[in-house]
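# Close look at the chain arrangement
Given next are the chains, with one letter for each unit.
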Amino acid sequence: MFDFDRVVDRHDSWCTQWDFVADRFGQPDLLPFTISDMDIPAAPAVIAELHKRIAHGILGYSRWQHKDFLDAISDWYQQRFDVTVDQQQIVYGPSVIYMVAQMIRRWSQPGDGVVIHTPAYDAFYKVIEGNQREVLALPLHRRQGEWHCDMQALEALLSQEQCKILLLCNPHNPTGKVWSHAELETISALCARHQVFVISDEIHMDMLMAEVKHIPWSSVGQGRWALFTSASKSFNIPALTGAYGFISDESDRQAWFQALKNADGLSSPAVLAVAAHIAAYRHGALWLDALRDYLRANLHHVAARLNAAFPQLQWQPPQATYLAWIDLNPLHIDGQQLQRVMIEQQKVAIMSGETYGAEGAGWIRFNVGCPRSKVDDGLDRLIAALHICIQPD
C-alpha cells in the first residue's frame, strides 16, 4: 500500500542531513546516514491534512489546548500502549530537547548532577552541560546481545547529594534498548527513595523493531516526573517543530506554563505541527505499522550483509529505533582512520560512536531510515572502508 522504496532527492531543501553534512564531517556531497530523520516522505494522512490546512489560507495564532489535540493523544496512548492518559497532565513545547532543558532548569541548580545512561544521545550532554549542570554517567552493559543497567551502580549515583534528576531515554538512543516494566519499576522506586526527579524522553516510543512493548513512564512513575515525546520521529515531521508531554505535579505544570508564556514568550504553537500530530494519531497507524515492517527489514538486511562480510561481528538489530548501533571493536581497527577512509575515499557519512560518549569508542551509528537502495549503497561503502582499514600497512 505504501512505496517506501521511492527515492526522493533531498538536496537543496535546506536539509540538515544532506545539505549541511559538511558542518559535522568537513566535506559536502557525502552520502549521509547521520541525523535521525528519514529519507521517506511523511505519512499520506499527514501530508493531506497539511494541504488542507494550507488551503484554508489563514495561518494565524493558534492553540493546542483543545479536544481535537488532547483526544488524539489520549486515544493513541490507549490504543498503542494500553495506557489511560490524564489530560490535565498534558503540556506542549517546541521540541523534546527544549522541554527537557526547561525541566532541568526547574528542578536543579547550576552544579547539580543529572544521571544519564551512556552511551547517550549527544544532545543530552549538551543540554546538561549547557545549563551548567554536571553529567553523572552510568554506562549500560551488554550481555548476550542485550543491554542492561546496573541497578546498584544507579542507586549509588542517585544517592549522591548533588544528584537531582535522572534523564531517561526510553527507548534508548543510540543502543535501541527498550526498558522492561520490571526495570522501570525498579528505577522508579530508587528515584523515589532518593527524591530524584525523572525526565523521560520517549520520542522513539513508536519505533519498536522487536517483539517487545513500550512502557510509558507515566504508567510507573512515582512522585514528580515529566515525560516528553513527539510524533516527529515516527512520522518524519521534525521540521514542523512541536512536541508534547506529561508533567505529574500541578505546581510544576503551572511553572511550565509561566516559563513558556511569560519568560520565553511561546504562547502560540506551530499550527501545522498541531494539525500534523492530530492527523498522524488519528489516521496514520496503518502507515506507521507498514513503515516499521520496512525499517525492521532494513535492519535485518544490514545484519545479513555485515555478518556475511565480517562473521566476527555477529551484529543483531536493536529492539527499537531505525538506528543501527554497530560494534566494530571485534575488527580491531582504528576508529579515526575508519572515519577518514569513509569520508575521503568512500564519500559516506556515518556517525562515529564516540559522538555518544567514551563508551561509544569503536562503534558507529548507521541510520537506516531510508529506501533499501540507499542502505545498500551505504553498506557497499562501509564494507569497502572496513576492508581498507583491516589491510596491513
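Everything below is about the structure shown above.
Let us look at the structure shown here. (Residues numbered from 1 in each chain as written. Predicted model: local features only at pLDDT ≥ 70, side-chain atom pairs only at ≥ 80, totals over all residues. Heavy atoms only, no water.)

## Description of the overall build of the chain
Which entries qualify depends on this criterion: Numbering of helices and strands runs from the N terminus; a helix is a DSSP stretch of H or I covering at least four residues, while a strand is a stretch of E covering at least two. Radius of gyration: C-alpha atoms only; globule rule: 2.2 Å multiplied by the number of residues to the exponent 0.38. Exposure categories follow from relative accessible area, calculated using a 1.4 Å probe and restricted to protein chains: below 20% of the type maximum is buried, above 50% is exposed, and the middle band is partly exposed. Only heavy atoms matter for contacts: two residues are in contact if any of them lie within 4.5 Å across the pair. Using a 1.4 Å probe, accessible areas were evaluated by the Shrake-Rupley method; residue-level cover was limited to the displayed protein chains. Positive charge is attributed to Lys and Arg, negative charge to Asp and Glu, and no charge count is given to His or to the chain ends. To locate a charge, take atom NZ for lysine, CZ for arginine, CG for aspartate or CD for glutamate.
A tally of regular secondary structure across the chain gives 14 helices and 13 strands. Relative to the globule expectation of 21 Å for 393 residues, the C-alpha radius of gyration of the chain, 21 Å, shows essentially globular dimensions. Buried positions account for 54% of the 393 residues belonging to the chain. Across the chain, every contact between residues at least 6 apart in sequence was considered, and the portion connecting residues at least 24 apart equals 75%. Carbon and sulfur atoms make up 49% of the accessible area of the chain, which totals about 17100 Å². The chain carries 32 positive and 44 negative side-chain charges, and their two centres are separated by 4 Å.

## A few points about the packing of helix H3 (residues 44-56) against helix H11 (residues 271-283)
Inclusion rule: Every axis corresponds to a line fitted to the C-alpha atoms, with the helix fit spanning only the stretch in contact, and the corresponding angles, defined between N-to-C directions, vary from 0 to 180 degrees. An angle counts as roughly parallel when it lies under 35 degrees, as roughly antiparallel when it exceeds 145, as roughly perpendicular when it falls between 65 and 115, and as oblique in every other case. Note on convention: the crossing is left-handed when the near helix lies turned anticlockwise from the far helix by less than a right angle, right-handed when the turn is clockwise. Residue classes follow a fixed rule: Ala, Val, Leu, Ile, Met, Phe, Trp, Tyr, Cys and Pro count as nonpolar, while Asp, Glu, Lys and Arg count as charged, and any other residue, Gly among them, counts as polar.
It is the contact of H3 with H11, at a shortest axis distance of 8 Å, that shows an interaxial angle of 140 degrees. For the element pair H3 / H11, the angle class is oblique. Handedness of the H3/H11 crossing: right-handed. Between H3, through Ala45, Val46, Glu49, Leu50, Arg53 and Ile54, and H11, the contact on the second element is made entirely by Val271, Leu272, Ala275, Ala276, Ala279, Ala280 and His283. Looking at the contact of H3 with H11, its residues break down into 10 nonpolar, 1 polar and 2 charged.

## Focus on the nonpolar core
Selection criterion: Buried residues of nine kinds, namely Ala, Val, Leu, Ile, Met, Phe, Trp, Tyr and Cys, make up a nonpolar core once their side-chain atoms join them within 4.5 Å.
Among the nonpolar cores identified, the biggest contains 137 residues, and Leu154, Phe228, Phe235, Tyr281 and Phe366 are the most heavily contacted of them. Among the elements that make up this core, the one with the highest residue count is helix H12 (residues 285-309) (9 residues).

## What to know about the pattern of salt bridges
Oppositely charged side chains may form a pair once their charged atoms are brought near each other. The line we're drawing: Any carboxyl oxygen of Asp or Glu within 4 Å of a side-chain nitrogen of Lys or Arg constitutes a salt bridge here.
One pass over the structure, following the stated rule, counts 18 salt bridges. Between Arg24 and Asp122 there is a salt bridge, with its nearest N and O atoms 3.7 Å apart. Of this pair, Arg24 sits in helix H2 (residues 22-25) while Asp122 is found in helix H6 (residues 122-130), placing the two residues 98 residues apart along the sequence. Judged by relative accessible area, which is 47%, Arg24 ranks as partly exposed. Connected through salt bridges with shared partners, the residues Arg10, Asp37, Asp39 and Lys374 form a single ionic network.

## Examining the sheet that holds strand E1 (residues 31-33)
What links the strands of a sheet is backbone hydrogen bonding, and the strands pair in either a parallel or an antiparallel sense. Applied cut-off: Paired strands are those between which DSSP finds at least two bridges.
Pairing within the open sheet is mixed, and its 4 strands lie in the order E1-E12-E13-E11. Of all strands in the sheet, those bounded by a partner on one side alone are E1 and strand E11 (323-327). The sheet shows a mean angle of 35 degrees between the axes of neighbouring strands, taken without regard to direction. Here E11 runs beside strand E13 (residues 363-367); their pairing, made up of 5 bridges, is antiparallel. Across the sheet, the residue bridging to Leu323 is Asn367, located in E13. Docked against the sheet, helix H14 (residues 372-390) engages E1, strand E12 (348-352) and E13, running at close to 100 degrees with respect to E1.

## Details of the side chain of Ser62
By the element assignment, Ser62 lies in the loop between H3 and helix H4 (67-81). Given the relative accessible area of 17%, Ser62 is considered buried. Leaving out residues up to four positions away in the same chain, Ser62 has contacts with Ser267, Ser268, Pro269 and Val271.

## Some details on H11
What counts is decided by this rule: Working rule for helices: expected span equals 1.5 Å times residues minus one.
Taking 1.5 Å of rise per residue, 13 residues should cover 18 Å, and H11 covers 18 Å from first to last C-alpha, within 8% of that figure. The buried fraction of H11 is high, at 10 of 13 residues. For H11, every residue scored as buried is listed here: Val271, Ala273, Val274, Ala275, Ala276, His277, Ile278, Ala279, Ala280 and Tyr281. At its buried positions, H11 is contacted by H3, H4, strand E2 (90-93), helix H9 (232-235), strand E10 (243-247) and H12.

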